[in-house]
Amino acid sequence: MRHTLAILVENRFGELARIVGLFGARGYNIESLTVAPTLERQISRVTLVTSGDDERVEQIIKQLDKQIRVLSVTDLTVTDHVERELALIHVSAEAGLRRQEVLNLVDVFRAKVIDISETGLLIEATGNRAKVSALLRLLGGFGIQEMVRAGTVAIGRLPSAATEAENDSAEVAFGR
Amino acid sequence: MASVAIMEREFAPIAMEEELTERESPVAIPGARILLEALMREGVDTIFGYPGGAVLHIYDELAKYQHRLRHILARHEQGAVHMAEGYAKATGRVGVVLVTSGPGATNAVTGIANAFMDSTPLVVITGQVPRKMIGTDAFQEVDTVGITRPCTKYNYLVREAGELAEVIHEAFYLARTGRPGPVVIDIPKDVTADRVPYHYPDTVQLPGYMPTECANQDWVERAVAKIIIAQRPILYVGGGVIHANGSDELLELAERLHLPVTPTLMGLGCFPSGHPLSLGMLGMHGTYWANMAISESDLIIAIGVRFDDRVTGALDKFAPHAEIIHVDVDPSSVSKNVRAHLPLVGDAKSVMQQMLELLSPDICVASAGGHSPWWRQIDEWKKFAPLTYENSNDVIKPQFLCEELHRLTGGDAIIATDVGQHQMWLAQYCGFNGPRQSITSGGLGAMGFGFPAALGAQLAFPDRQVIAFVGDGGFQMTAQELATAVQYGTNTKIVVMNNNYLGMVRQWQELFYDRTYSAVGMEGTPDFVKLAEAYGAVGLRATRPGELSAVLERGLSTRGVVVMDIVVSAEENVYPMIPPGAGLKEMVLQPS
C-alpha cells in the first residue's frame, strides 16, 4: 500500500542524504520526495511517498525515527489529510479550435495558463495525483512537448473541514 | 623501558606552558588542542591511532599530552579500530580512534562497520583535507562522511574550529547512550590549525534523540502477568544486557522465577555459563536443548537481542508456540524479523528492574514451582543430545583445545575471537563467568578482529589474563599488530587454532558443495613460532594431544606476548548445526 510520510528533520548539511541513503541501503522504495524548510528555518519538512505492506512501512517509520536529526515522522495515510502535486506542462496548441479545446480542459481542471506562444501553451496544474494524471492523459492527445511534475506535498486536515473534503472528493472524481 | 611506564597507566601531568584541562579558554587555542582538551573532558585515557598528513597538527599537539593521553600506534587502521572496540567491550567505556584522511579512513571502515553491527560505543576521529580543497580530488581525499554514513550511528564533518567542542561532546553522548554505536568525526586539517576560544558545553542539543530508559509501566505489568503464568518460558538474552550492565538483574530474574536462560553469541557471559539455569548458546551452532526449548516454548522473554538470522533459522518455523516479549532499547529492532506480542522499548537493565519490582516472593515461588515439567523436558533434551565430539590420541581436536583453555582459565579470562569454526567451538566449550569477557565479531563477522580486539582489552586491563583465540586464516589478516603488542609491553596471549584451512568455508563446501574445496587451503602459511620470534614475542607449538596442556600452561604463564600455534585436526566440523534455510528443530546433530 502507498504511504505518505511527513518527516520533520533538522535542516543540516547531509541530513537529506542520510534519509535517502537509508531507503537505498535497506531496499525501501521512494515514489516521490519533496523537501523545503518550514517556518522555522532550521527545520525542514520532507514529504515522502513510499509503498509496502504494513510491516515494512512500520519498519521504515522506525528507521526514520531512529535518525538522530529526525524530529518526527507522521504517517499521513492513516489520518485525514490532503495531498497535492504540481505539474508544469508545455502542450502544443496552435491558435484555433485545438487551442480552445486545451483551454477548456485548463478551465475544467482549474489549471492555469502561465505562458503562451504561437504554437503552444505552458500550463500549471495542481491537484491530487489522480487529477494531475488525468489532465496529463487528456492533454496527451494534443502533444505534450515537455512536462515536469513535482513530488507530492501533503498536510493533515483541520479537525472539522467538511467543505474542503467535498472539494477534494470532487477532484478525485475528475481523475477517474 | 619506556613502554613499562606506559603500562603502569600513571599519567602524571607534566608542567605545561598553558595547562588547561578546564572547561574553557578565553584565549584562542588551535583546533587540535581543543580536540585533545575535549577528549580529556570526556575521560579518555587511551587513543588508538595511526598518523598521516591530515592529522599532523593533532599529532603535534598530542606529543605535549603524551603523559595524560596514551596513544597506541597500531600497524594498520583496521587494527586500531578493532583495538578500540576490544577496549570498549572490556571496559564499557567509549573507545577512541584517530586516523588520517583517505586511506586512513577507508582502512578504518571495516572496524567501524563491525562496531556498528555489534553496537559498540566508539568515537573515530578522521583527518580530512583542508576545507578549501574538499571536492577537488585532493591527495588522500575521500568522502569519509559519505562512506561511513551507513555504518555509523552518526557522523560529522566539522566545518569550523568553533564547533569542535560541541561536536565532540555530542559524539561521545551519542556513542554511549541508547543503543551504543560508532560515531565518526571528520576534521579538515585547517580546522585543527585555526585558533578560537574554547568552551566545553554542559549539555547536548539533540531534540530528535531521546533514548527510552524505562518501558511503559502498563506493558511491563502485562509482561510480568504473562511471565508468571507461562508453562514453558525461556529467557533469550543478548548483547543488550551487557551494554546495559544488566547481568545482576538478569541473574535475579532467572533465579527468582527459575527460568532457563539461553544467550546469543553476543550475549555470552551476560549470564554465567556454568549456572544450572544456563542452556548455553542458541542458534545455528547452539546447543540442541536451547534450540528445542525455544522451539517448544510458550513464552520467549527476549532481552537485548535482535532475532538475527543466525539465531532464528527459517523464520516461518521459529518458535511456533511462543508468545514473544521483546525488551530492547532500539524500537527498530522490535518486530523487525519476528513480531513481538509485547514490545517493551527500554534499557535492558531498567526494564528488568521494573519487572523485578512487580515480583513478590510468593508469586515467584508459585511461578517457579510450575516450571518443573518444563525443566524435566529440557533435561531430557540435554541427555538426548549433549555437546560431544570424538577425542583422539593422535591429533588435537579443536573442541578439546577449547575445553583445555576453559580448564586452565577457569572461565575468568577475557577471550577475544575472530570469526569461523574456532569462534563457534569456543562458544560451545569454553564458558564465561561474567559479562565483558567474551569479545567477538558477531554481526559483521569480520575475520582479523580477534587479535587486535584482545590487545585493546589487554591495554585496558594490563594485569588480567587476556587471550586472542583465532584461526590461522583470521590471524593472518591482522598479525602485524604483534608489533603493537610488543611495543607496548603487553601480556597478550594468542592461541592460534591452526587447521591450515579456512575452516568454516571448508565445512560448508564439504557439506553443501560436494566437498569441492575451492580456495580454502592455506598453503604458504608462515611458521607462527618464527613469526612470533621475528616480532620479539615468544612462540610455542603443540601438534599432539599430549603436548597441549603443557604448551598452554607455559604459554599462558609466560610474561609478555606469546603466540601458541596449536595444530588441530584439519577437517573437523562444527556440530550441532542448523543447515541454511532450516528451522531450529531441524538441527543436524552429528556428521552423517
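Residues numbered from 1 in each chain as written. Chains lettered and ligands numbered in written order. Predicted model: local features only at pLDDT ≥ 70, side-chain atom pairs only at ≥ 80, totals over all residues.

Novice: Please clarify how the interface of chain B and chain A should be interpreted in this entry.
Specialist: A common measure of how large an interface is: the accessible area buried when the components associate. Taken together, the contact between chain B and chain A spans 14 residues of the former and 16 residues of the latter. Split by residue class, the side of chain B that touches chain A holds nine nonpolar, three polar and two charged. (Contact = placed C-beta atoms within 7 Å. Nonpolar A, V, L, I, M, F, W, Y, C, P; charged D, E, K, R; others polar.)

Novice: How should I be thinking about the sheet that holds strand 6 (residues 154-157) of chain B in this particular structure?
Specialist: To summarise the sheet geometry, strands pair through backbone hydrogen bonds and adopt either a parallel or an antiparallel arrangement. Residues and elements named next belong to chain B. With parallel pairing, six strands are arranged side by side in an open sheet as 3-2-4-5-7-6. Of all strands in the sheet, those bounded by a partner on one side alone are strand 3 (70-73) and strand 6. The mean inter-strand angle of the sheet, taken between neighbouring strand axes irrespective of direction, is 20°. Note: strand 5 (residues 122-128) against strand 7 (residues 182-188), seven bridges, orientation parallel. In the sheet register, Leu122 faces strand 7, and the bridge partner there is Pro182. Packing of helix 5 (residues 103-117) onto the sheet brings it into contact with strand 4 (95-99), strand 5 and strand 7, and relative to strand 5 it is tilted by some 165°. (Pairing = 2+ DSSP bridges. Helix = DSSP H or I, 4+ residues; strand = E, 2+ residues; numbered from the N terminus. Axes fitted to C-alpha atoms, helices over the stretch in contact; angles between N-to-C directions.)

Novice: Would you take a moment to explain helix 4 (residues 77-91) of chain B for this structure?
Specialist: In an α-helix, one turn spans 3.6 residues; hence positions three or four apart end up facing the same way. All names here are of chain B. Between its terminal C-alpha atoms helix 4 stretches 21 Å, which fits the 21 Å expected from 15 residues at 1.5 Å a residue. For helix 4, the tally of buried residues reaches 14 of 15 residues, placing the bulk of the element in the interior. Positive backbone phi, approximately 80°, marks Gly92, located one or two places after helix 4. (Expected span 1.5 Å × (residues − 1). Buried ≥ 20, exposed ≤ 12 C-beta atoms within 10 Å, placed from the backbone.)

Novice: Explain the confidence of the model for chain A here, please?
Specialist: Detailed conclusions should not be drawn from predicted coordinates in areas where pLDDT is low. In the predicted model, chain A carries a mean pLDDT of 91, and 91% of its residues have values of at least 70. Note on residues 170-176 of chain A: pLDDT under 50 across the span, and 13 contacts to partners over four residues away in sequence or across chains. (pLDDT = per-residue confidence, 0-100.)

Novice: Is there a simple way to explain the sheet that holds strand 12 (residues 323-328) of chain B in this structure?
Specialist: Residue and element names in this part refer to chain B. Judged by pairing direction, the sheet is parallel, and its five strands sit side by side in the order 10-9-11-12-13 without closing on themselves. Only two strands of the sheet have a single neighbouring strand rather than two, namely strand 10 (261-263) and strand 13 (342-345). On average, each strand axis in the sheet is inclined to that of its neighbour by 15°, with strand direction left out of account. In the sheet, strand 9 (residues 233-237) pairs with strand 10 via three bridges, with the strands oriented parallel. From the neighbouring strand, Leu235 faces strand 10, where its bridge partner is Val261.

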